[in-house]
Amino acid sequence: MNKQDYIEKIANCIADCWQAADAGDQVACKAAKQGAMEIAKQAAENLGHTAGYWLAESQFRAADLY
């Protein structure tokens, strides 16, 4: 995957978490957070930087999806 693919996948997980939190579904929110973290770790391994970098890079796209 390329940079944009990882950002889109992470952003979708983040937006899913926010929507689940709005609905009061903490289990789904936690699962979405874990998904975002796993994808961020993969991006860090494959493309460099840290998982935190990938999470931060995805926040603006997540806001667009939310």
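Below is a summary of the structure that appears in this document. These numbers come from a predicted model, not from an experiment.

Right, let's get into the overall build of the chain. Of the regular secondary structure elements, the chain holds three helices and zero strands. When the helices and strands of the chain are listed from N to C terminus, the series reads α-α-α. If one aligns the C-alpha atoms of the chain with their principal axes, the spans along those axes are about 35 × 20 × 15 Å. For the chain, the exposed area adds up to about 4,100 Å²; of that, 52% sits on carbon and sulfur atoms. The average position of the 6 basic charges and that of the 9 acidic charges among the side chains of the chain differ by 4 Å.

In the contact formed by helix H1 (residues 3–22) and helix H2 (residues 26–47), the axes pass within 7 Å of each other and the chain directions differ by 165 degrees. Classified by the angle between their axes, H1 and H2 sit roughly antiparallel to one another. As for the relative orientation of H1 and H2, their crossing is left-handed in sense.

Checked against the element boundaries, Ser58 lands in helix H3 (residues 51–65). A relative accessible area of 0% means that Ser58 is categorised as buried. Excluding anything up to four places from it in sequence, Ser58 contacts Ile7, Ile10, Ala11 and Ile14.

Looking at the secondary structure, you find Asp64 in helix H3. The exposure class of Asp64 is exposed, given its relative accessible area of 60%. Residues Asp64 and Lys3, spaced 61 residues apart in sequence, show a C-alpha to C-alpha distance of 17 Å.

Taken as a whole and judged by the stated rule, the model has three aromatic pairs. Measuring from centroid to centroid gives 6.2 Å for Tyr6 and Trp54, while their planes differ by 55 degrees, and the two rings are tilted. Taken as a pair, Tyr6 in helix H1 and Trp54 in helix H3 lie far apart in primary sequence, 48 residues in all. With centroids separated by 5.2 Å and ring planes inclined at 90 degrees, the aromatic side chains of Tyr53 and Trp54 adopt a geometry described as edge-to-face. Looking at Tyr53, the relative accessible area reads 25%, which means it is partly exposed. Here the aromatic residues Tyr6, Tyr53 and Trp54 are joined through ring pairs into a cluster of three or more.

About the criteria used
Residues numbered from 1 in each chain as written. Predicted model: local features only at pLDDT ≥ 70, side-chain atom pairs only at ≥ 80, totals over all residues. Heavy atoms only, no water. Helix = DSSP H or I, 4+ residues; strand = E, 2+ residues; numbered from the N terminus. Areas by Shrake-Rupley, 256 points an atom, 1.4 Å probe, with all protein chains shown as cover. Lys, Arg positive; Asp, Glu negative; His and termini not counted. Charge placed at Lys NZ, Arg CZ, Asp CG, Glu CD. Axes fitted to C-alpha atoms, helices over the stretch in contact; angles between N-to-C directions. Parallel < 35°, antiparallel > 145°, perpendicular 65-115°, else oblique. Left-handed = near helix turned anticlockwise from the far one by under 90°. Buried < 20%, exposed > 50% of the residue type's maximum accessible area, 1.4 Å probe, protein only. Contact = heavy atoms within 4.5 Å. Phe/Tyr/Trp six-rings, centres within 6.5 Å; stacked < 30°, edge-to-face > 60°.

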